[in-house]
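# Analysis of the macromolecular model
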Amino acid sequence: MDARTRKNTLRMLSNGVYVLTSRNGDCYGAATVSWVSQVSFKPPLVMAAVKRNSNVFTCLAESRTAVLHIVGDRQQEIAHRFFFPTHAEHGTINGEPFAEGRTAAPVLANLPAHIECQVERIVDTEGDHAVVILRAVEAECREHVRPLTMAETPWEYGG
């Protein structure tokens, strides 16, 4: 298979832009993720592919909780803040205010909707990402927005 063709074709998959947060004690993790999908109605399950060497993966693997945030189509700058290592201080993560959710995982205040989750299962793909199956235990929609997609950004992730 031609590597360039594979890369370009995989980048054509439609992906949203989300921020995933987690916390394990005083350790916080947060990252922009795009490989996310609902996988079950009953029980309500979603999956996210998460870099295995990230802070957010370390936190959710230990705490077994995470929050998946929907990013609105006009919030690209917020999503960009979570491309960098997690820095939590004074009630903010990477400069974004948060509050403790029902699961004790951080809920970002400026994003329009989120799903608080318990980790149902982590599937080791033996690749650079693991598939994390998350069970929705709480959800909040503060504002109905059009979700941001990778196609609307200058970013490329995949291939």
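Reference entry: report on the structure contained in this document. These numbers were taken from a predicted model, which means no experiment stands behind them.

## Notes on the layout of surface pockets
Taken as a whole, the largest pocket spans an internal volume of roughly 500 Å³. The wall of the largest pocket is formed by 23 residues, among which Ala31, Thr32, Lys51, Phe82 and Phe83 lie closest to the centre. Residue assignment for the lining of the largest pocket shows that the elements contributing at least two residues are β2 (27–33), β4 (45–51) and α2 (55–63). Here the lining of the largest pocket gets four residues from one element, more than from any other, and that element is β2. Within the lining of the largest pocket, the residues separate by chemical class into 14 nonpolar, seven polar and two charged. As for the second largest pocket, its lining consists of Arg11, Met12, Leu13, Ser14, Asn15, Thr149, Met150, Ala151, Trp155, Glu156 and Tyr157.

## Here we look at the pairing of strand β3 (residues 36–40)
With four bridges joining them, β3 and β4 adopt antiparallel strand pairing. Bridged to Ser40 within β4 is Leu45. Here β3 folds back onto β4, and the loop between the two strands holds four residues.

## Here's the deal with the nonpolar core
Leu20, Val50, Leu60, Leu68, Val132 and Leu134 are the most contacted members of the largest nonpolar core, which totals 20 residues. Taken together, the elements giving at least two residues each to this core come down to β1 (18–24), β2, β4, α2, β5 (65–70), β10 (113–123) and β11 (129–141). Each residue touching Leu68, except ones within four places of it in the same chain, is listed here: Tyr18, Val19, Leu20, Val33, Val36, Val46, Ala113, His114 and Ile115. Residues Val17, Ala30, Ile93 and Leu108 belong to the second largest nonpolar core, which totals 14 residues.

## Quick notes on the pairing of β2
Counted residue by residue, β2 has six buried out of seven residues, so it is predominantly covered. Linking two consecutive strands that pair antiparallel, namely β1 and β2, is a turn of two residues; a positive phi of about 65° is found at Gly25 within it.

## Observations concerning the sheet that holds β5
Strands sit in the order β2-β1-β5-β10-β11-β4-β3 across an open sheet of seven strands; the sheet is antiparallel. Strands with a single pairing partner mark the edges of an open sheet, and in this sheet they are β2 and β3. Neighbour to neighbour, the strand axes of the sheet diverge by 35° on average, direction disregarded. Relative to β2, β1 runs antiparallel, the two being bridged by seven bridges.

Conventions adopted
- Residues numbered from 1 in each chain as written.
- Predicted model: local features only at pLDDT ≥ 70, side-chain atom pairs only at ≥ 80, totals over all residues.
- Heavy atoms only, no water.
- 1 Å grid on protein atoms, 1.4 Å probe; cavity = no way out; pocket = protein on both sides within 12 Å on 5 of 7 lines; lining within 4 Å.
- Points joined across faces, edges and corners; volume = space filled by probe spheres on them.
- Helix = DSSP H or I, 4+ residues; strand = E, 2+ residues; numbered from the N terminus.
- Nonpolar A, V, L, I, M, F, W, Y, C, P; charged D, E, K, R; others polar.
- Pairing = 2+ DSSP bridges.
- Core = buried A, V, L, I, M, F, W, Y, C linked by side-chain atoms within 4.5 Å.
- Buried < 20%, exposed > 50% of the residue type's maximum accessible area, 1.4 Å probe, protein only.
- Contact = heavy atoms within 4.5 Å.
- Axes fitted to C-alpha atoms, helices over the stretch in contact; angles between N-to-C directions.

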